[in-house]
Amino acid sequence: MIIHSAPFASLDVFTLYAILRLRSDVFVVEQASPYPELDGRDTEPATVHIWLSDPAGAVTACLRVLTDPDGTARIGRVVTAATHRGQGLAARLLAEAVALIGPRPAVLDAQTTAVRVYERFGFVATGTPYLEDGIEHITMRRT
């Protein structure tokens, strides 16, 4: 797998389409959570998209790193194609995201089934689990 990163303005239309398609396929269709997947944050100047592609160029996993108004980094939209799960792709993306973020504080809203993956990168659960679009999540922080 080949790892890539780019701000929104540098994404070519085919890569952008593949990223949005993967996110929609998993978050909206597979997880049966109709919600506004396109929330406007993808296009923010500070947002960086990180993705993995196979040798043929197909997007197999992706995430985005946002910057909240207080300067905290926010990792979101972490997704792996169903056909590529169990291969450690999310961990590769997270390693790249953590390196990009550096020493800045970071936050994410994890599906509770994925907490252990995020803990490997120094994230600690804060607060209590909550339902978002029918799926249990918990806020996690890394300082």
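It is not clear to me how the side chain of Thr47 should be interpreted in this structure. Could you clarify?
Inspection of the secondary structure puts Thr47 in the loop between α1 (13–30) and β2 (48–53). By relative accessible area, Thr47 is classed as buried at 0%. Separated by 2.8 Å, the side chain of Thr47 and the backbone oxygen of Arg41 make a polar contact. Excluding residues that lie within four positions of it along the chain, Thr47 makes contacts with Ala6, Pro7, Phe8, Arg41, Asp42, Arg64, Val65 and Leu66.

Can you walk me through the packing of aromatic side chains in this structure?
The relative placement of two aromatic rings is captured by the distance of their centres and the angle of their planes. Counting across every chain of the model gives one aromatic pair. Ring centres 6.4 Å apart and planes at 80 degrees place the aromatic pair Tyr118 and Phe123 in the edge-to-face group. Across the pair, Phe123 and Tyr118 agree in class, each one buried.

Explain the nonpolar core here, please?
Inside soluble globular proteins, nonpolar side chains tend to come together where they are buried. The biggest cluster of nonpolar side chains holds 24 residues, and the ones touching the most others in it are Leu63, Val65, Ile75, Phe123 and Met140. Mapped onto this core, the elements with two or more residues apiece are β2, β3 (59–67), β4 (73–80), α2 (89–101), β5 (106–111), α3 (115–119) and β7 (135–142). If one sorts the elements of this core by residue count, α2 sits on top with seven residues. Residues contacting Val65, with those up to four places away along its chain left out, are Ala46, Thr47, Val48, Ile50, Ala73, Arg74, Ile75, Ala97, Leu100 and Ile101. Leu11, Ile19, Phe27 and Trp51 belong to the second largest nonpolar core, which has eleven residues in total.

Any chance you could explain the pattern of salt bridges here in plain terms?
Note on pairing: side chains with opposite charge can pair once their charged atoms come close. According to the stated counting rule, one finds nine salt bridges in the structure shown. Ionic pairing is found between Arg64 and Asp39, a salt bridge with its closest N-O pair at 2.6 Å. Here Arg64, found in strand β3, pairs with Asp39, found in the loop between α1 and β2; they are 25 residues apart in sequence, far enough to count as distant. When the shortest N-O distance is used, the salt bridge between Glu44 and Arg41 registers 2.9 Å. One network of salt bridges, with partners in common, ties together Arg23, Asp39, Asp42, Arg64 and Arg77.

Parameters at a glance
Residues numbered from 1 in each chain as written. Predicted model: local features only at pLDDT ≥ 70, side-chain atom pairs only at ≥ 80, totals over all residues. Heavy atoms only, no water. Helix = DSSP H or I, 4+ residues; strand = E, 2+ residues; numbered from the N terminus. Buried < 20%, exposed > 50% of the residue type's maximum accessible area, 1.4 Å probe, protein only. Polar contact = N/O pair within 3.5 Å; in protein donor to acceptor, adjacent residues only side chain to side chain. Contact = heavy atoms within 4.5 Å. Phe/Tyr/Trp six-rings, centres within 6.5 Å; stacked < 30°, edge-to-face > 60°. Core = buried A, V, L, I, M, F, W, Y, C linked by side-chain atoms within 4.5 Å. Salt bridge = Lys/Arg side-chain N within 4 Å of Asp/Glu carboxyl O.

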